[in-house]
Amino acid sequence: MSLPGRQYYELLAREAGLPLESAEFAALLDKRDPLAHFRSEFRIPKVRAVAGENPAAGVSPDDDCIYLCGNSLGLQPVHTKKLVDEELEMWAERGVNGHFDHPLNRPWVSIDDTVIEESAKIVGANPSEVAIMNSLTANLHFLLVAFYRPSQTRFKILIEGKAFPSDYYAVESQIRFHGYDPASALIEIHPRPNEHTLRTEDILSRIEKEGDSVALILFSGVQYYTGQFFPLHQIAAAGRAKGCVVGFDLAHAVGNVPLRLHDWDVDFACWCTYKYLNAGPGGIGGAFVHERHAKTDLQRFAGWWGTDPATKFDMANIFHPIPGAASFRVSNPNVLATVSLLGSLQVFSKTSTEDLRAKSVLLTGYLETLLDGITPKAFTILTPRDPAERGCQLSLLFEGGIMMDVFEDLKNAGVVCDERKPDVIRVAPVPLYSRFGDVHQFVRVLRASVERCAKDGQAS
């Protein structure tokens, strides 16, 4: 796609002889979509689950809802229920023996082995650099124990302003645990006045300026509120040049944008799996530790599952860390949560990061193009316009206090997205299961709602 934004879709529509904003043009884009068949691999909630039995006019309770909320919780893969049911049945039939004697070749003692390889591909890592364990913030704390090693001259942590609260709490508590004051030890980088996202040059210049006193840099991969995809490879390189440890929270990045953690020489990263990886609510977490740390004497909070499996059952109370990220495991992973992740990764294994990214750029670009056509202008797109600086999410900042009215209109029409009070709606068309027709329908409902709010405002 060489033409920018709207020009690209105008050209396609003109070639097809269809109006750009028509449902017919959206249907054509879906017909041409080489990944369209993956939608059948997921269970799509019905409108009645969103809007009840009496949704907005023109919408049936039996219709599939318009699900644009994978940034919060991904949809359930069709095969997941079968995998979970199989493990429940295995437990019922075999009890403790399922740990080692598993007819489906998924012994519970090594159940996480089933999800390591595909997870590593998605984050751009070697399998030995990835562990599937715990949950996101728990993993962040475990990793900070090893990688945040403050000294008198290098004790600060640098994060993006308005980081996700759990990251902020984790970092702040770690700083206090080591006896420092967050007021002096925590550096937050904020956008410039009247701007919503961070400029790359501002991030890099701050690292250059503050780096000699920074022990650790922790950034999101994709910012949860604005949807900005940070230049992770540049942040990692700048941090290394100043002697800082660099880690990333990939909650909104994994399964959403291309990642090359190993090649970027990132020290550590962690993520959840319930958003774009579709592992279910409260899904198991993931962690990355670069292989150059595999044989170093990192301090860590150790547990049984991080010691050498060959000697684990000797019960000798001598910890032999597994080389790599697996040494950070403390307990056996939840089997049901792990196979829930497996159900999604089996879908990912049928395509590629490159193909998913290509569709995502087209899908979100189409969303952006249709949004730009809405009048009156009742919102601003917070997310960067450059596709290279975003994933699939667009964040809409509403004016005039109408956000919740608009959100209710969307819900009543069977549209699922999410809001961040007081005035932002986040919209995320996910390439594995979202359609161009879903985007078209969302924008149609949004336009009608904005027009209604404008009329109501004039009447009052």
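Keep in mind that what you see is a predicted model, and the values were worked out from it rather than measured. For every chain, the first residue of its written sequence is number 1, and the numbers climb from 1 along that sequence. Only residues with pLDDT of at least 70 are given local features in this predicted model, and only at 80 or more are side-chain atom pairs given and counted; all residues enter the totals for whole chains, interfaces and linings. Where side-chain values are given, they derive from all heavy atoms of the structure, hydrogens and water being excluded.

Quick look at the pattern of salt bridges now. Salt bridges are counted wherever a side-chain nitrogen of Lys or Arg sits within 4 Å of a carboxyl oxygen of Asp or Glu. The final tally for this structure, using the stated rule, is 37 salt bridges. Here Arg48 and Asp62 are joined by a salt bridge, their closest N and O atoms 2.7 Å apart. With Arg48 in helix H3 (residues 48-51) and Asp62 in the loop between H3 and strand E2 (66-67), this pair connects stretches of sequence that are 14 residues apart. What makes Arg48 partly exposed here is its relative accessible area of 36%. The closest approach of N and O atoms between Arg206 and Glu210, which form a salt bridge, is 3.4 Å. You can see Arg206 and its partner Glu210 sitting in helix H9 (residues 200-210), 4 residues apart, about one turn around the helix. Through salt bridges with shared partners, a single network forms among Arg39, Lys46, Asp64, Arg435 and Asp438. Numbering of helices and strands starts at the N terminus; helices are DSSP runs of H or I of at least 4 residues and strands are runs of E of at least 2. A simple rule labels every residue: compare its accessible area, found with a 1.4 Å probe on the protein chains alone, to the largest value its type can have, and call it buried under 20%, exposed over 50%, or partly exposed in between.

Moving on: helix H14 (residues 403-412). Buried within H14 we find Met403, Val406, Phe407 and Leu410. Projected down its long axis, H14 shows its buried positions confined to an angular sector of 100°, all on one face. Within two residues after H14, Gly414 carries a phi angle of roughly 80°, on the positive side. Arc definition: directions from the helix axis to the C-beta atoms.

Quick look at the side chain of His440 now. As for its placement among the helices and strands, His440 is situated in helix H15 (residues 436-459). A polar atom in the side chain of His440 sits 2.9 Å from the backbone oxygen of Glu21. Contacts are residue-level and defined by heavy atoms, with any inter-residue pair within 4.5 Å sufficient. Not counting residues up to four positions away in its chain, the partners in contact with His440 are Glu21, Ser22, Ala23, Ala26, Tyr366 and Leu370. Here a polar contact is recorded for every N or O atom pair within 3.5 Å, except that within protein the pair must consist of a potential hydrogen donor and a potential acceptor, and residues adjacent in sequence are included only if both atoms are side-chain atoms.

Right, let's get into the packing of helix H1 (residues 5-16) against helix H13 (residues 353-372). Helix-helix packing is characterised by the crossing angle of the two axes and by the distance between the axes. Geometry is summarised by axes, namely lines fitted to C-alpha atoms with helices restricted to the contacting stretch, and by angles between N-to-C directions that run from 0 to 180 degrees. It is at 9 Å that the axes of H1 and H13 come closest, and there the two elements cross at 95°. Here H1 is positioned roughly perpendicular relative to H13, judged by the angle of their axes. Taken together, the residues of H13 that come into contact with H1 (itself represented by Gly5, Arg6, Tyr8 and Tyr9) are Val361, Leu362, Gly365, Tyr366 and Thr369. The class makeup of the residues in the contact of H1 with H13 is 5 nonpolar, 3 polar and 1 charged. Each angle is binned into one of four classes, with values under 35 degrees roughly parallel, values over 145 roughly antiparallel, values of 65 to 115 roughly perpendicular, and all other values oblique. Three categories are distinguished: nonpolar for Ala, Val, Leu, Ile, Met, Phe, Trp, Tyr, Cys and Pro, charged for Asp, Glu, Lys and Arg, and polar for the others, with Gly belonging to the last.

So, on to the pairing of strand E15 (residues 424-427). Burial along E15 is two-sided: the face carrying Val424 and Arg426 and the face carrying Ile425 and Val427 are both buried. Any two strands with at least two DSSP bridges between them are considered paired. Bridging between strand E12 (residues 394-398) and E15 involves 4 bridges; their strand directions are antiparallel. When the bridges of E15 are listed, Leu394 appears paired with Val427. Two strands pair when backbone bridges link them, and strand E14 (residues 418-420) and E15 are joined in this way by 3 bridges, in the antiparallel orientation.

A separate point is the nonpolar core. Residues enter a nonpolar core if they are buried and are Ala, Val, Leu, Ile, Met, Phe, Trp, Tyr or Cys, with the set joined through side-chain atoms within 4.5 Å. Core analysis: the largest hydrophobic core is formed by 71 residues, its most contacted members being Phe219 and Leu250. A per-element tally of this core places helix H12 (residues 335-348) first, with 8 residues. Setting aside anything within four residues of it in sequence, one finds Leu250 in contact with Gly221, Leu232, Leu259, Leu261, Ala269, Cys270 and Trp271. Formed by 41 residues, the second largest nonpolar core is a distinct cluster that contains Ala13, Leu371, Ile381 and Val450.

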